[in-house]
Amino acid sequence: MIVVVGGGITGLALGRALRSRDADFVVLEADMRPGGVIRSACVEGRVLDWGPQRTRLTERVRRLADSLGLSDEVLTAPQGLDLFVYRDGELRVVPFTLGEFVTSDAVGLRGKLRMLLEPLTAGPDPDERVSTFFSRKVGREVYETLVAPLYGGLYASDPADMEVGLSLIHTLREFGIGRSLIFPLLRRGGRIAPPPACSFRHGMQALPEALARDLGERVRLSTRVRSVERAGSGWRVEAEDASGPVTFDASAVVLATPAAVTSELLGPLAPEAARVIGGLRYNPLGVVHLHAETDLRGLGFQVSFTERARMLRGVTFNDSLFERRNLYTVYLGGALRPDVAELSAEGLAEVAVDEFRATTGFEGRPLATEHEWVPAWDISWRGLAEVSLPEGLRVAGNWWSRPGLPGRLAEAERIASALAGDEAFQPSSAP
């Protein structure tokens, strides 16, 4: 039997991938609900999401939704919605084509002319900071106004604390980017066109709930793992559910849990790996859902890194994205303002309302507040390259390999493939 610890999206997707390969497995989740950081609820008749507000409707995501019977539940954002960046008192449209960049007011003439030098600059150095890489490629103004908030916003991080080889190099390779950023864009017709943003009628939690239903009794909720121990050539997983202690004998164990939980479980088995994983930084976020009556239309906006004093980092326009009437999700803090972690729920709500008013000109009323923690993918990730685990033990999750829902599904397939045909597999290493 393969024991998957953690019933977030990674653990559930892994369970499904294992089942498709006729493997014997169980997924253990400590919470009473599946999904991990993906959580949805209905407040005042509107669907609110914590964790990811949306994903991209890639072919892999589409196939999964179809196979789970969620086709009619998928919501896609209307085409043509703009993404904005807040800079110097205004919301400015982010250009996604070279033509739009030329006419954009997000960047001044000097910044645009600086971009002409980009093909003459050197390619990425895995050891340089992400901020250094983009600043020397596209210039300081384009970096601070567009790249830093959009790329850093994925991790609530400051790219000055991130290394190219740790967080960016895989994305550059995926898009066929070598020395120049502009030439691959020209080959694509000068346009960045990602798959459409999507969610589900009852929120993002619909996906892990459907996965859990599909796996049935293979998923055991409210089952907290207390320890993982060697047992002969395999493993013994000690857990506790509502009825008391329960033991699982396994040929292989996958820890699809947050870094802190993984570190705790690994402590007696792989102390050095536990130390490295336990040292990974998570960035604090304050997430506040607001009711606001506005004429705003778009995907949302990020705040330029020239506005470092602001606690506001971005806003999602749920209203125009998925017709969730008068709903806006405000993100506060991140690496630039870690003091957000010290704010009470009332403090988060007050700051969100004030910053929403200052940046959009509209009043908002808090519906819900939450503190969240996001894997930073910063220089604290350096040690993962040296992590070695005992045979038959593997880790997974958005802190281990590529973040985002498509990345989670891809990792689940990779792990299941590694297990196919032989449940005892080789020690894992960082991707």
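What counts, and where the lines are drawn
- Along each chain, residues carry numbers from 1 onward, in the same order as the chain's sequence is written.
- Local features in this predicted model are restricted to residues of pLDDT 70 or higher, and side-chain atom pairs are both shown and tallied only at a pLDDT of 80 or more, whereas totals for entire chains, interfaces and linings draw on every residue.
- Each side-chain value is worked out from all heavy atoms of the structure, with water and hydrogens disregarded.
- Secondary structure elements are defined from DSSP: runs of H or I of at least 4 residues count as helices, runs of E of at least 2 residues count as strands, and each element is numbered from the N terminus.
- In this description the radius of gyration comes from C-alpha coordinates, and the expected globular size is given by 2.2 Å times residues to the power 0.38.
- Each residue is assigned to one of three classes by its accessible area relative to the maximum for its type, calculated with a 1.4 Å probe on protein chains only: buried under 20%, partly exposed between the two thresholds, exposed over 50%.
- For the area figures, the Shrake-Rupley method with a 1.4 Å probe applies, and any residue is considered shielded solely by the protein chains shown.
- The charged-residue count follows a simple rule in which Lys and Arg add positive charge and Asp and Glu add negative charge, with His and chain termini not counted at all.
- Taken as the charge centre is NZ of Lys, CZ of Arg, CG of Asp or CD of Glu, depending on the residue.
- A helix's residues, less one, multiplied by 1.5 Å, set its expected span.
- The pairing criterion for strands is at least two bridges between them, as found by DSSP.
- Axis angles are defined between N-to-C directions and span 0 to 180 degrees, where every axis is a line fitted to C-alpha atoms and, for a helix, only to the segment in contact.
- Each crossing gets its hand from how the near helix is turned against the far one by less than a right angle, where anticlockwise is left-handed and clockwise is right-handed.
- We call two residues contacting when some pair of their heavy atoms lies within 4.5 Å.
- The nonpolar class holds Ala, Val, Leu, Ile, Met, Phe, Trp, Tyr, Cys and Pro. Asp, Glu, Lys and Arg form the charged class, and all remaining residues, Gly among them, are polar.

**Quick word on the overall build of the chain**
A tally of helices and strands in the chain yields 14 helices and 20 strands. The C-alpha radius of gyration of the chain comes to 22 Å, within 12% of the 22 Å expected for a compact globule of 431 residues. By its C-alpha atoms, the chain is 70 × 50 × 40 Å across when sized along the principal axes. Split into buried and exposed, the 431 residues of the chain put 54% on the buried side. Element-wise, carbon and sulfur atoms account for 51% of the exposed surface of the chain, whose accessible area totals about 18800 Å². Seen as two clouds, the 49 positive and the 56 negative side-chain charges of the chain have centres 5 Å apart.

**So, helix 13 (residues 345-360)**
In a regular helix each residue adds 1.5 Å, so 16 residues correspond to 22 Å; helix 13 covers 22 Å between its end C-alpha atoms and thus fits that length. Those residues of helix 13 not exposed but buried are Gly347, Leu348, Ala349, Ala352, Val353, Glu355, Phe356, Thr359 and Thr360. Count one or two residues on from helix 13 and you reach Gly361, which has phi positive near 85°.

**What to know about the sheet that holds strand 5 (residues 55-56)**
Taken in spatial order, the 3 strands line up as 5-9-6 in an open sheet, and their pairing is antiparallel. The two strands at the open ends of the sheet, each matched to only one other strand, are strand 5 and strand 6 (74-76). Pairing analysis gives 3 bridges linking strand 6 to strand 9 (residues 197-200), with the strands arranged antiparallel. The partner of Thr76 across the bridge, within strand 9, is Cys198.

**Describing the packing of helix 1 (residues 9-19) against helix 9 (residues 206-215)**
As a packed pair, helix 1 and helix 9 sit with axes 10 Å apart at the nearest point and diverge in direction by 35°. Between helix 1 and helix 9 lies a crossing whose hand is left-handed. Contacts between helix 1 and helix 9 pair Ile9, Leu12, Ala13, Gly15, Arg16 and Arg19 from the former with Leu207, Pro208, Leu211, Ala212, Asp214 and Leu215 from the latter. Split by residue class, the contact of helix 1 with helix 9 holds 8 nonpolar, 1 polar and 3 charged.

**Here we look at the sheet that holds strand 2 (residues 25-28)**
Taken together, 5 strands build an open sheet; the order of strands is 10-2-1-14-20 and the sheet is parallel. Of all strands in the sheet, those bounded by a partner on one side alone are strand 10 (219-220) and strand 20 (393-395). Where strand 2 lies against strand 10, 2 bridges are found, and the strand directions are parallel. By the bridge assignment for strand 10, Val27 is matched with Val219.

**Side note on unusual backbone geometry**
For Ala156, which is not glycine, the phi dihedral falls at a positive 55°. Mapped onto the elements of the fold, Ala156 is located in the loop between helix 6 (140-152) and helix 7 (164-174). When its relative accessible area of 12% is taken as the criterion, Ala156 is described as buried.

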